[in-house]
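# Observations on the three-dimensional arrangement
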Amino acid sequence: MAQGQKRNTPVVPNAIKALDQFKYEVASEIGITPPQDGYWGTMTTRDTGAIGGHMVRKMVALAEQQLAGRSGF
């Protein structure tokens, strides 16, 4: 990957704050104390990966519920 490329940008730029809040909510739900200073770089890869994994599971579940609610599928 060339320098300067950043691929983890949200599709909807206005969703950045909501995703950040969601990250903190998921961390507290699974028993991981979020960093007080907001810097996640000192946390273990295992913890941050668990947070991201749970976020994805919840987003997929929500999308499945929305699709199931549509008629014709």
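Look a little higher up for the structure.
In short, a report on the structure.

Judged by side-chain polarity, Leu 19, Val 56, Met 59 and Val 60 come together as a nonpolar surface patch covering roughly 300 Å² of accessible area. For the nonpolar patch, the element with the most residues is helix 2 (residues 45-69), which contributes three residues. Looking at the secondary structure, you find Leu 19 in helix 1 (residues 16-29).

So, about the pattern of salt bridges. Scanning the entire structure with this criterion turns up two salt bridges. Among the ionic pairs, Lys 23 bridges to Asp 20, the shortest N-O distance being 3.3 Å. Note that Lys 23 and Asp 20 are positioned in helix 1 at a spacing of three residues, about one turn of the helix. Residue classification places Lys 23 among the partly exposed residues on the basis of a relative accessible area of 24%. When its relative accessible area of 34% is taken as the criterion, Asp 20 is described as partly exposed. Between Lys 58 and Glu 29 there is a salt bridge; the shortest N-O distance is 2.9 Å. Separated by 29 residues along the polypeptide, Lys 58 in helix 2 and Glu 29 in helix 1 bring together distant segments of the chain. Note on Glu 29: relative accessible area 52%, which makes it exposed.

It is worth spelling out the environment of Phe 22 at this point. If you trace the backbone, Phe 22 turns up in helix 1. Overall, the relative accessible area of 18% leaves Phe 22 in the buried class.

Procedures and definitions
Residues numbered from 1 in each chain as written. Predicted model: local features only at pLDDT ≥ 70, side-chain atom pairs only at ≥ 80, totals over all residues. Heavy atoms only, no water. Patch = residues over 30% accessible without salt bridge, like charges linked within 9 Å, V, L, I, M, F, W, Y side chains within 5 Å. Areas by Shrake-Rupley, 256 points an atom, 1.4 Å probe, with all protein chains shown as cover. Salt bridge = Lys/Arg side-chain N within 4 Å of Asp/Glu carboxyl O. Helix = DSSP H or I, 4+ residues; strand = E, 2+ residues; numbered from the N terminus. Buried < 20%, exposed > 50% of the residue type's maximum accessible area, 1.4 Å probe, protein only.

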